[in-house]
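Examination of the molecular architecture
Below, each chain spelled out in residue letters.
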2 protein chains.
Amino acid sequence: MPSSTHFRPVRLEHASRLLNHGPTVLVTSAHGGRRNVMAAAWSMPVEFTPPRIAVVIDKRTYTRELVVGSGRFGLCVPGAMLVDLTYAVGQTSGRTEDKFARHGIAAKPGPVLGVPVIEDGCAAWLECRLIREPHTEEAYDTCFGEVVAAAADERIFAGGRWSFRDDNAALQTIHHLGGGHFVQGGRTVVARPL
Amino acid sequence: MPSSTHFRPVRLEHASRLLNHGPTVLVTSAHGGRRNVMAAAWSMPVEFTPPRIAVVIDKRTYTRELVVGSGRFGLCVPGAMLVDLTYAVGQTSGRTEDKFARHGIAAKPGPVLGVPVIEDGCAAWLECRLIREPHTEEAYDTCFGEVVAAAADERIFAGGRWSFRDDNAALQTIHHLGGGHFVQGGRTVVARPL
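Residues numbered from 1 in each chain as written. Chains lettered and ligands numbered in written order. Predicted model: local features only at pLDDT ≥ 70, side-chain atom pairs only at ≥ 80, totals over all residues. Heavy atoms only, no water.

Read from one edge of the open sheet, 3 strands run β13(A)-β14(A)-β15(B), paired in antiparallel fashion. Edge positions in the sheet fall to β13 (174–178) of chain A together with β15 (187–190) of chain B, since each of these pairs with one other strand and no more. Sheet twist, expressed as the mean angle between neighbouring strand axes with direction ignored, is 35°. Summarising the sheet, strand β14 (residues 181–184) of chain A and β15(B) pair through 4 bridges and their orientation is antiparallel. Along β15(B), the bridge assignment pairs His181(A) with Val190(B). (Pairing = 2+ DSSP bridges. Helix = DSSP H or I, 4+ residues; strand = E, 2+ residues; numbered from the N terminus. Axes fitted to C-alpha atoms, helices over the stretch in contact; angles between N-to-C directions.)

Right under this line is the structure:
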């Protein structure tokens, strides 16, 4: 059964939770009839309400051109089953070929901005409007965005919370250590009051 | 044996690796005879060379006052053995009491800036010089910093690479899911070429 059957909207006040633990994401974009997807290990929430995030998108990438041109982007959170794909789309440029087509990635338009979002094999996605900050984009390749829609696979994120279990290992988030090595999942521990 | 025995300098070109996979960090600061430590789930590298990072430090926090006042801060990467402490120092303010003293946290001055850094129970630390960006600090609570020194416990990070194994579980990084729930460690997976 495709993941999309299990995707449910995430309330915007819970959107930061999707990135809170530092997963590697896929940045999706589309502009002028072209589209692209790249991997990014460097993203983080910056505000709960309004829900805002920051993501580093190198100025030399085709994604940066599409994001700035269109004023919007998607962040899709790949599950462990997409580890090879995540690494692959981080190694090549979409300037010369459509990586969706090359890798057979199914994408659909996000509900608010129409940004391509990926559900099959992903745990979640966020649709974001670029907040233009030319200085920060230029000096630090850091792009800020406001989350306008989000959704997650209910088998791993429901009621505003992640649930990492043995039965959803394939959807667990991946965290790039460098050089194609990722940590996946992990044991959930609960802090005790001191 | 205290962790400090096992700390070794990390080359600055490898500093981004310490945060690449999205661990929750402890932000340390000192100014005018006062010091503080708080937890932050929202940080990321933004540049390899020079090594630069971004971290969200709420403008209402005492840490923000000390960081802006002194122009420097530390990011310490707590191991799983510090999960309770990490959550605890994220729940109270250091404005009225010294959290190092309250929790018995041993800190030493970093080698370049003298920022307090924590080694016992931590996997790594980074000493950072604040790069003043008043607009970004005000609008997004996002503070940029340049890493001027870094070190890691060689039992879990050596030669520029993390190594998560059964025998170093207590030092494995923790990733805050929200509400005191963290994921710890995890299985290392290696991407295969597509």
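The next thing to look at is empty space enclosed by the protein. For the structure on display, the rule yields 2 cavities of 30 Å³ or more. If you add up the space inside the largest cavity, you get close to 60 Å³. Forming the boundary of the largest cavity are 15 residues, of which Gly22(A), Ser43(A), Gly22(B), Ser43(B) and Met44(B) lie nearest the centre. Looking at the lining of the largest cavity, the elements with two or more residues in it are β4 (43–47) of chain A together with β4 (43–47) of chain B. Of the residues assigned to the lining of the largest cavity, the class counts are 9 nonpolar, 6 polar and no charged. The volume enclosed by the second largest cavity comes to roughly 30 Å³. What lines the second largest cavity is His175(A), Val183(A), Gly185(A), His175(B), Val183(B), Gln184(B) and Gly185(B). (1 Å grid on protein atoms, 1.4 Å probe; cavity = no way out; pocket = protein on both sides within 12 Å on 5 of 7 lines; lining within 4 Å. Points joined across faces, edges and corners; volume = space filled by probe spheres on them. Nonpolar A, V, L, I, M, F, W, Y, C, P; charged D, E, K, R; others polar.)

Considering all chains together, one arrives at 28 salt bridges over all chains under this definition. Bridged by salt links that share partners, the residues Lys59(A), Arg64(A) and Asp141(A) form one connected network. (Salt bridge = Lys/Arg side-chain N within 4 Å of Asp/Glu carboxyl O.)

Glancing now at the side chain of Asp141(A). Within the fold, Asp141(A) resides in the loop between α4 (134–140) and β10 (142–153). In contact with Asp141(A), other than residues within four places in its own chain, are Val55(A), Val56(A), Ile57(A), Asp58(A), Lys59(A), Arg64(A) and Thr136(A). (Contact = heavy atoms within 4.5 Å.)

Here we come to the environment of Pro23(A). All names here are of chain A. Among the structural elements, Pro 23 can be located in the loop between β1 (7–9) and β2 (25–31). With a relative accessible area of 1%, Pro 23 lands in the buried category. Remark: the alpha-carbon pair of Pro 23 and Thr 61, spanning 38 residues in sequence, is separated by 21 Å. (Buried < 20%, exposed > 50% of the residue type's maximum accessible area, 1.4 Å probe, protein only.)

Here we take up the packing of aromatic side chains. Residues and elements named next belong to chain A. Throughout the structure, instances matching the rule amount to 9 aromatic pairs over all chains. Both rings, one in Trp 162 and one in Phe 164, keep their centres 5.7 Å apart while their planes meet at 85°; by these two values the pair is edge-to-face. Note on accessibility: Trp 162 and Phe 164 belong to one class, buried. Aromatic rings pair up to connect Phe 157, Trp 162 and Phe 164 into one cluster. (Phe/Tyr/Trp six-rings, centres within 6.5 Å; stacked < 30°, edge-to-face > 60°.)

All names here are of chain B. In this structure, Ala 106 sits in the loop between α3 (99–103) and β7 (108–109). By relative accessible area, which is 45% here, Ala 106 ends up partly exposed. Measuring from C-alpha to C-alpha, the distance between Ala 106 and Gly 33 comes to 17 Å, with 73 residues separating the pair along the chain. Once residues lying within four places of it in the same chain are set aside, the contact partners of Ala 106 are Val 117, Ile 118 and Asp 120.

This paragraph deals with helix α1 (residues 62–70) of chain B. For the α-helix, the turn length of 3.6 residues means that residues three or four positions removed from each other point alike. All names here are of chain B. Considered for burial, the residues of α1 that qualify are Tyr 62, Thr 63, Arg 64, Leu 66, Val 67 and Ser 70. On its buried face, α1 sits against β2 (25–31), β3 (34–40), β6 (72–78), β9 (122–131), α4 (134–140) and β10 (142–153). Looking one or two places after α1, you find Gly 71, whose phi comes out positive at around 75°.

With that out of the way, let us pick up the interface of chain A and chain B. Across the contact, 52 residues belong to chain A and 51 residues belong to chain B. Summing both sides of the interface, chain A and chain B together bury roughly 4700 Å²; the carbon and sulfur share of this comes to 57%. A per-residue breakdown of the area chain A buries against chain B is headed by Trp42(A), Tyr140(A) and Leu177(A), which together make up 17% of the total. Applying the counting criterion to the chain A and chain B interface returns 2 salt bridges. For Asp84(B), the salt bridge identified is with Arg192(A), shortest N-O distance 2.6 Å. Our count for the chain A to chain B interface comes out at 18 residue pairs in polar contact (both at pLDDT 80 or more). Taken together, the residues of the side of chain A that touches chain B sort by class into 26 nonpolar, 18 polar and 8 charged. (Buried area = accessible area lost by both parts, 1.4 Å probe. Polar contact = N/O pair within 3.5 Å; in protein donor to acceptor, adjacent residues only side chain to side chain.)

As a further point, take the pairing of strand β5 (residues 52–56) of chain B. Residue and element names in this part refer to chain B. For β5, a buried count of 4 out of 5 residues is recorded, marking the element as mostly surrounded by other parts of the structure. Note: β4 against β5, 4 bridges, orientation antiparallel. Its bridge partner lying in β5, Glu 47 is registered against Arg 52. The hairpin formed by β4 and β5 contains 4 residues between the paired strands.

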